[in-house]
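# Report on the structure
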Amino acid sequence: MSAGTSTVPDGEARGVPTRGGLDGVVVAQTSISFPDSVNRRLVVRGRDLRDLIDAFGYEQLCTFLWQEPTTGAPEAAPLGEARVRAFRVFQPLCAHLGGLDPLSAMQFLFSSLPRDAAGGHMPADLVAAVGVAAALGVRASGGSDPIAPAAALSHATDLLRMMGGDEGDARKVRALEIYLVAMAEHGLNVSTFAARVVASTRAGLKPSVLAALSAFGGPLHGGAPSLVLDMLDEIGPSAGADAVVARKLERGERIFGFGSRGYDGRDPRTDLFKASHAELFGRTERFDAAAAAEAAILGRLRLAKPGRAIETNVEYYGALLLEAIGIPRCGFTPVFAAARCAGWIAHSHEEALNGRLMRPAARYVGAVPDPRAWPADT
Ligand code: ACO
């Protein structure tokens, strides 16, 4: 049977043109969060993220994300004991982490999480498990022994401690708390979408989080923050920024820490992290060089991509903040995932409650056999 190529059918897509990327396609209704480009803010369950940073620790923010807001402060999600339980499951598996990058180690460990007595997974258990897996993955990749969690500490303090960081430094703990709260939720970003797709099958929370973790590794999404620092290292003193970035753009490379599908313009979390860094750690040499490089990069992007309005995204100063906290570069994406897990769970829950099975269409552009080669059914 020979395949003809004369006609390209619409296939499943039924005439809808596509350039991929799903820009502007609405696939869900949510009351969890809204990146508000017009007013340059992130609205989370009806409140401005900047209020939440001052009002809640990460444990409270989790509860705030997972329930319809009520009056009064949300209770803290019980993450401490849950970290201890997760560590008990993960520790015996740490001998098998050799050679895995931290995110792959997280996926491996997280997959092993057993169901609880009720046959499912509580949101707090999943968030705690992702945090512990992040720390274990980072420690293992550096050849260091695991550090057991301490249930009485805050999630931010313990996360820093389990990674071998200085949990006695109040500035670092505060900076990590700000980072976790600010990065916990952000509309229908790529990893959250992946979680919602899986949740739409009613597979449950854990598989949804696992899907999100897998979507997170790419350099265009959760993998970007460490690449920002690699670029800043390459740039060196800020005077070199223009030439380095011009070369990268000529080679068709992306400039990490710039551009966003979530906002038309500057991401409001960018300046939140910039201000937090300046307030907690001062204007370090690295900070000043990065601020000068930012201006040069934006200028070069405007020249290279006129009409595109590519602005600084959350990863740029987020990476500087993580560096100042003392998180090793290989831990940036794991810590980001540990924060975002709260949002993945909120969306997965919402999707499972209200959503329909997500099943979009593709336009078939391959070859087709000649229909005349087959006699029509009679
Ligand atoms: N550097 C260079 N060019 C860029 C950048 C960038 N950072 N961002 C967009 N562009 C250009 C593309 O090259 C393309 O140019 P062309 O039309 O001349 O080919 C054009 O803008 C459109 O590209 P898209 O990928 O369609 O743009 P979009 O705005 O949808 O992309 C994205 C968003 C993927 C985040 C992009 O800006 C990017 O790759 N940024 C760098 C990676 C990064 O920092 N990722 C973290 C994002 S925040 C997060 O996920 C938590």
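Presented here is an overview of the structure given in this document. Computed from a prediction, not measured in an experiment: that's the story for all the values here.

So, how was this worked out
Residues numbered from 1 in each chain as written. Predicted model: local features only at pLDDT ≥ 70, side-chain atom pairs only at ≥ 80, totals over all residues. Heavy atoms only, no water. Helix = DSSP H or I, 4+ residues; strand = E, 2+ residues; numbered from the N terminus. Contact = heavy atoms within 4.5 Å. Areas by Shrake-Rupley, 256 points an atom, 1.4 Å probe, with all protein chains shown as cover. Lys, Arg positive; Asp, Glu negative; His and termini not counted. Charge placed at Lys NZ, Arg CZ, Asp CG, Glu CD. Pairing = 2+ DSSP bridges. Salt bridge = Lys/Arg side-chain N within 4 Å of Asp/Glu carboxyl O. Buried < 20%, exposed > 50% of the residue type's maximum accessible area, 1.4 Å probe, protein only. Near = heavy atom within 4 Å. Polar contact = N/O pair within 3.5 Å; in protein donor to acceptor, adjacent residues only side chain to side chain. Nonpolar A, V, L, I, M, F, W, Y, C, P; charged D, E, K, R; others polar. Axes fitted to C-alpha atoms, helices over the stretch in contact; angles between N-to-C directions. Expected span 1.5 Å × (residues − 1). Phe/Tyr/Trp six-rings, centres within 6.5 Å; stacked < 30°, edge-to-face > 60°. Patch = residues over 30% accessible without salt bridge, like charges linked within 9 Å, V, L, I, M, F, W, Y side chains within 5 Å.

Right, let's get into the overall build of the chain. Helix and strand content of the chain: 15 helices and 5 strands. In the chain, once contacts between residues fewer than 6 apart in sequence are set aside, the share between residues at least 24 apart is 73%. In the form shown here, the chain has an accessible surface area of approximately 18,000 Å², with 54% of it arising from carbon and sulfur atoms. For the chain, the separation between the mean place of its 39 positive charges and that of its 41 negative charges on side chains is 4 Å.

Let us now look at the sheet that holds strand β3 (residues 41-44). Strand order in this open sheet of 3 strands is β2-β3-β4, and the pairing throughout is antiparallel. Two strands lie at the open edges of the sheet, namely β2 (33-36) and β4 (47-48), each paired on one side alone. Relative to β4, β3 runs antiparallel, the two sharing 2 bridges. Among the inter-strand pairings, valine 44 is bridged to a residue of β4, identified as arginine 47.

Below, the discussion takes up the pattern of salt bridges. With the rule as written, the count across this model stands at 25 salt bridges. For arginine 41, the salt bridge identified is with aspartate 36, shortest N-O distance 2.7 Å. By relative accessible area, which is 31% here, arginine 41 ends up partly exposed. On the basis of relative accessible area, aspartate 36 is assigned to the buried category, the value being 5%. As a salt-bridge pair, arginine 161 and aspartate 158 come within 2.7 Å of each other at their nearest N and O atoms. In this pair, arginine 161 and aspartate 158 are both assigned in helix α6 (residues 155-162), 3 residues apart and thus about one turn of the helix distant. Among the charged side chains, a network of salt bridges with common partners joins Asp230, Asp233, Arg286, Glu323 and Arg329.

Let us now look at the site of the ligand. The full set close to the ligand counts 21 residues, and His221, Ile255, Phe258, Arg261 and Arg308 are the nearest of them. For the ligand, an oxygen atom lies 2.9 Å from a polar atom in the side chain of arginine 254. A distance of 2.9 Å is found between a nitrogen atom of the ligand and a backbone nitrogen or oxygen belonging to isoleucine 255. In the complex, 76% of the free accessible area of the ligand, which totals 910 Å², lies under the protein chains. Looking at the shell around the ligand residue by residue, the class counts come to 9 nonpolar, 5 polar and 7 charged.

What follows is about the packing of helix α10 (residues 224-235) against helix α15 (residues 332-354). It is at 7 Å that the axes of α10 and α15 come closest, and there the two elements cross at 145°. Here α10 contributes Pro225, Ser226 and Leu229 to the contact with α15, which in turn contributes Phe332, Thr333 and Phe336. Among the residues making up the contact of α10 with α15, the classes are represented as 4 nonpolar, 2 polar and no charged.

Where β2 and β3 come together, 4 bridges link them in antiparallel fashion. Bridging from a neighbouring strand, phenylalanine 34 pairs with valine 43 of β3.

Moving on: α10. Taking 1.5 Å of rise per residue, 12 residues should cover 16 Å, and α10 covers 17 Å from first to last C-alpha, within 8% of that figure. Along α10, the residues that are buried comprise Ala224, Pro225, Ser226, Val228, Leu229, Met231, Leu232 and Ile235. Residues of α10 that are buried sit in contact with α11 (241-250), α13 (285-304), α14 (314-325) and α15. Once α10 ends, the next one or two residues include glycine 236, with phi positive near 70°.

Attention now moves to the packing of aromatic side chains. Here the structure, examined in full by the defined rule, presents 7 aromatic pairs. Ring geometry for phenylalanine 216 and tryptophan 344: centres 5.4 Å apart, planes at 85°, overall edge-to-face. Taken as a pair, phenylalanine 216 in the loop between α9 (205-215) and α10 and tryptophan 344 in helix α15 lie far apart in primary sequence, 128 residues in all. Residue tryptophan 344 is classed as buried on the basis of its relative accessible area of 0%. Here the aromatic cluster, defined as three or more aromatic residues joined through ring pairs, consists of Phe258, Phe287, Tyr316 and Tyr317.

What follows is about a nonpolar patch on the surface. There is a patch of nonpolar side chains on the surface, built from Leu22, Val25, Val27 and Leu188 and spanning about 310 Å² of accessible area. As for its position among the elements, leucine 22 is in the loop between β1 (3-4) and β2.

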